[in-house]
Amino acid sequence: MIERNKGFSNLSAGYLFPEVAKRRKAYQAAHPDAKIISLGIGNTTEPLTPHIAKAMVDYASSLATKEGYSGYGDEQGLSELRKKIADVLYPNIISAEEIFVSDGAKCDIARIQTLFGSSTKIAVQDPAYPVYVDGSVIVGAAGADNGQDGHSGVTYLPCTADNDFFPDLSVIQDNTLIYFCSPNNPTGAASSREQLKKLVDFAKKKGCIIIYDSAYFAFIRDEKIPHTIYEIEGAKECAIEINSFSKLAGFTGVRLGWSVVPKELKFADGTSVHADWNRVMTTLFNGASNIAQRGGLAALDEEGRKETRGLVDYYLENAKIMKEALTGSNFANAGVKVYYTGDSPYLWVHFPGWKSWDIFDKILDKCRVVTTPGSGFGPSGESYLRFSCFGHREDVEEACRRLKTFTL
Ligand SMILES: *Cc1c(COP(=O)(O)O)cnc(C)c1O
């Protein structure tokens, strides 16, 4: 018999979202008439916008004609789309050849693991999107579960209210792969230019590479906050950016993302990271859907930009409504604190004295509202809940009505 990949036995017990779904299902079974509202999973809910959808419909129709049909395209993506992403989102910083179009950011994060292999040291923000650590565990780079919500081969970087959700970098060893997400899932914190400069300077000095997950850049409304790590001088020598149309244009189901690998980025032996990433993408990937790529092109032209701005504004308005409800006197009197600056889809809410799963259960029971327990994102998430603003307005308003009349 074939030995099991040790990485799988090293994975921590449950993936967070299946456990949330299990508790929701159990509650519904016990209360068949309850109308449960989810402010939990970070999935988009609003329809595709007309201009972007039309571009995909038209292209799909043309595929049914002799003249319009196309098979495999370039694995790195349509050159027109690579150029559009570079010109619109990274003007004068990044070239089209440094953009690799993909089937989504999560898939790129998984493929990144093949680029660095199992002997690379890993550091992650704590709390963090679970894929960074779990993906590293599967390829053997993160070590075994240390029995305390962590893995032996990972340096956890606590991000808490006390440090403005920006970690103490000094605990990171030389030559470490640093996963960094801003605006952050789950804390909602969007790092400032000064903070990102600290990160880039540190990485350059210590021989680290930053994997910068920028999936929520479209939610940034504070003009002082960088939309990409490459706004920081020196980032091209130390950072890969992972990005996505999922939260920008509601493409969670359509599937389209991209990574940026600058040509300046080098491994210890002086070889090009860009060249190896090109090899990974052309060998292990066969190109993003050509229909989705037409949607991506439309999302980045003038009309599409107007539409995606409106789409994201809708979710940001939901967040505002939720913030108002969660800062009501019933919560404030119990010491509950809401962390939300208006630059992300997530409200990060502290319930002092509560375990995350206990307050999750209580709010499910009393308000029939599903949230996400902060502890599922890492040990520093304990006592927090993440509230997601992805939802239909009427559901968000109903959830807020219930939350306002609830007392802890
Ligand atoms: C939603 C999300 C993504 C997007 O992933 P896709 O695979 O492109 O849908 C990436 N990173 C984070 C932190 C996310 O929350």
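Everything numeric in this text was worked out from a predicted model, so none of it was measured.

1. Thoughts on the pattern of salt bridges
Oppositely charged side chains can pair when the atoms bearing their charge come close.
So, point 1. Taken as a whole and judged by the stated rule, the model has 23 salt bridges.
So, point 2. Among the ionic pairs, Lys 197 bridges to Asp 201, the shortest N-O distance being 2.7 Å. With a gap of four residues between them, Lys 197 and Asp 201 both fall in helix H7 (residues 193-206), about one helical turn apart.
So, point 3. Under the relative-accessibility criterion, Lys 197 is labelled partly exposed at 45%.
So, point 4. When its relative accessible area of 35% is taken as the criterion, Asp 201 is described as partly exposed.
So, point 5. Where salt bridges share partners, they join Glu 19, Lys 22, Arg 23 and Asp 361 into one cluster.

2. Description of the site of the ligand
So, point 1. The environment of the ligand is made up of 14 residues, and the closest members are Asp 213, Tyr 216, Ser 244, Ser 246 and Lys 247.
So, point 2. Between Lys 247 and the ligand, the recorded distance is 3.4 Å, taken from a side-chain N or O atom to an oxygen atom.
So, point 3. Between an oxygen atom of the ligand and a side-chain N or O atom of Arg 255, the distance comes to 2.7 Å.
So, point 4. In isolation the ligand exposes 390 Å². Once the protein is present, 94% of that is buried.
So, point 5. At the level of elements, helix H5 (105-116) and helix H8 (246-249) are the ones that each hand at least two residues to the shell around the ligand.
So, point 6. Grouping the amino acids of the shell around the ligand by side-chain chemistry returns six nonpolar, four polar and four charged.

3. Quick look at the pairing of strand S7 (residues 239-244)
So, point 1. Counting buried residues along S7, six of its six residues qualify, which places the element largely inside the surrounding structure.
So, point 2. Residues Ala 239, Glu 241 and Asn 243 point to one face of S7 and Ile 240, Ile 242 and Ser 244 to the other, with burial holding for every one of them.
So, point 3. In this structure, strand S6 (residues 209-213) lies alongside S7, joined through four bridges in parallel fashion. Along S7, the bridge assignment pairs Ile 211 with Ile 240.

4. Digging into the side chain of Ser 246
So, point 1. Locating Ser 246 in the fold gives a position in helix H8.
So, point 2. The residues contacting Ser 246, other than those within four sequence positions of it, are Thr 44, Phe 251, Thr 252, Arg 255 and Leu 256.

5. Topic: the state of the cysteines
So, point 1. Counted according to the given criterion, the structure contains zero disulfides.
So, point 2. Cys 181 provides the cysteine sulfur closest to Cys 107, a residue in no disulfide bond, and the two sulfurs are 16 Å apart.
So, point 3. The structure places no disulfide on Cys 181, whose sulfur is separated from the nearest cysteine sulfur, that of Cys 159, by 10 Å.

What counts, and where the lines are drawn
- Residues numbered from 1 in each chain as written.
- Predicted model: local features only at pLDDT ≥ 70, side-chain atom pairs only at ≥ 80, totals over all residues.
- Heavy atoms only, no water.
- Salt bridge = Lys/Arg side-chain N within 4 Å of Asp/Glu carboxyl O.
- Helix = DSSP H or I, 4+ residues; strand = E, 2+ residues; numbered from the N terminus.
- Buried < 20%, exposed > 50% of the residue type's maximum accessible area, 1.4 Å probe, protein only.
- Near = heavy atom within 4 Å.
- Polar contact = N/O pair within 3.5 Å; in protein donor to acceptor, adjacent residues only side chain to side chain.
- Areas by Shrake-Rupley, 256 points an atom, 1.4 Å probe, with all protein chains shown as cover.
- Nonpolar A, V, L, I, M, F, W, Y, C, P; charged D, E, K, R; others polar.
- Pairing = 2+ DSSP bridges.
- Contact = heavy atoms within 4.5 Å.
- Disulfide = S-S within 2.5 Å.

Function cannot be read off these values alone, since they describe shape.
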